[in-house]
Amino acid sequence: MPPQANPEARFKQQAGEHAASLVQSGMVVGLGTGSTAIFATRKIAVRLQTGDLQGIVAIATSRATDDTARALGIPMLADDIPREIDITIDGADEVDPAMDLIKGGGGALLREKIVAEASRLEVIVVDEGKLSPRLGTHWPLPVEVLEFGWRSQVRFLESLGAAVTPRPGNGGLFRTDQGNLILDSRFGPINNPLELAGKLEARAGIIGHGLFIGIASDLVVAGNDGIRHLQRGHGGSGQQP
Ligand SMILES: O=C[C@H](O)[C@H](O)[C@H](O)COP(=O)(O)O
């Protein structure tokens, strides 16, 4: 694709396209969701068309990405993830210095986490505006809940200190690909993401949340200083530049 004019979009493009270059022939590839990951998906399609890449199969983290990937001619796997995923390239809303994430701005958090946890490499692609000293500083935490009893989840999240906004959607409330609701929960800077994740995971009716802790293996950040690629456990592991 020609370079984007707007700097933020250009950084997203650079990060996404850089990550697409990590995909090798024969790999099983997870395709992320959002305005950054889409650049990786498009670049993978171009590499397939030009013969630079051969024999890959992909799995999408959302219906939207699945539709786009199929339209671009990328061979897609069945939804039951019959094989281990070699590499997934996905975006994030906020990234802290430990390479932990808030995801789910597009509502795809549950499928994204399922695909990430089935992946050998989880490569996160962001523009530098997503870097944050502490998760929750800039972004509410998306919490996916079953429609049944959802107002009780609002009260529960409020009891944990969040200001909660049910995510609006077409003429009502937003629906995830699974038909669930999203409660955008503004906690402010989260002191202990692991502890919060544990409380959310123990609650019946909460189907998923956007805290991705210890899941990203790689972080590709694009910004004014160029593209930086960090790997967990390889020098500078998990620390932002
Ligand atoms: O549900 C959506 C995903 O977690 C996205 O990867 C995340 O919101 C980042 O999206 P974008 O690259 O459009 O900022």
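What counts and what doesn't
Residues numbered from 1 in each chain as written. Predicted model: local features only at pLDDT ≥ 70, side-chain atom pairs only at ≥ 80, totals over all residues. Pairing = 2+ DSSP bridges. Helix = DSSP H or I, 4+ residues; strand = E, 2+ residues; numbered from the N terminus. Buried ≥ 20, exposed ≤ 12 C-beta atoms within 10 Å, placed from the backbone. Contact = placed C-beta atoms within 7 Å. Near = placed C-beta within 6 Å. Nonpolar A, V, L, I, M, F, W, Y, C, P; charged D, E, K, R; others polar. Axes fitted to C-alpha atoms, helices over the stretch in contact; angles between N-to-C directions. Domains from an automatic or database assignment.

Quick look at the sheet that holds strand S5 (residues 101-102) now. Across the sheet, three strands lie side by side as S4-S5-S13; this open sheet has antiparallel pairing. Since the sheet does not close on itself, it has two edges, and those belong to strand S4 (94-95) and strand S13 (211-212), each with one partner. For S5 and S13, the ladder comprises two bridges, and the chain directions are antiparallel. Across the sheet, residue isoleucine 102 finds its bridge partner in S13, namely leucine 211.

Turning to unusual backbone geometry, a few remarks are in order. Here the phi dihedral of isoleucine 81 falls at roughly 50°; this positive angle occurs in a residue that is not glycine. By the element assignment, isoleucine 81 lies in the loop between helix H3 (63-71) and strand S3 (85-90). Residue classification places isoleucine 81 among the partly exposed residues on the basis of 15 C-beta atoms within 10 Å. Unlike most non-glycine residues, methionine 99 shows phi in positive territory, near 65°. Considering the arrangement of structural elements, one finds methionine 99 in the loop between S4 and S5. For methionine 99, a count of 24 C-beta atoms within 10 Å translates into the label buried.

A separate point is the environment of glycine 136. If you trace the backbone, glycine 136 turns up in the loop between strand S6 (119-127) and strand S7 (141-145). Counting along the chain gives 42 residues from glycine 136 to glutamate 94, while the straight-line C-alpha distance between them is 7.7 Å. In contact with glycine 136, not counting residues within four places along its chain, are Leu141, Phe187, Gly188, Pro189 and Ile190.

The next thing to look at is the site of the ligand. Taken together, 18 residues are adjacent to the ligand, and Gly34, Thr36, Gly91, Gly105 and Gly106 come closest. The residue inventory of the shell around the ligand, partitioned by class, reads four nonpolar, ten polar and four charged.

Reading across from one edge, S8-S11-S7-S12 is the order of the four strands in this open sheet, with antiparallel pairing throughout. Bordering the open sheet on either side are strand S8 (163-166) and strand S12 (206-209), each of which pairs with just one other strand. Sheet twist, expressed as the mean angle between neighbouring strand axes with direction ignored, is 30°. Along the sheet, helix H4 (residues 109-117) contacts S7 and S12; its crossing angle with S12, the most-contacted strand, is approximately 70°. Contacting S7, S8, strand S11 (181-186) and S12, helix H5 (residues 150-159) crosses the sheet at an angle of about 15° to S11.

Here we come to the pairing of S11. Extensive coverage of S11 is indicated by the burial of five of its six residues. Note that S7 and S11 share five bridges and pair antiparallel. Of the residues in S11, the one forming a bridge with leucine 141 is serine 185. Of the pairings in the sheet, the one linking S8 to S11 comprises four bridges and is antiparallel in character. Within S11, the position partnered with proline 166 by the bridge is leucine 183.

You can read the domains of the protein as domain 1 (7-131 + 214-225) and domain 2 (141-202). Averaged C-alpha coordinates put domain 1 and domain 2 at centres separated by 24 Å. Here the element with the most residues in the side of domain 1 that touches domain 2 is H4; it accounts for three residues. Looking at the side of domain 1 that touches domain 2 residue by residue, the classes come out as three nonpolar, four polar and three charged.

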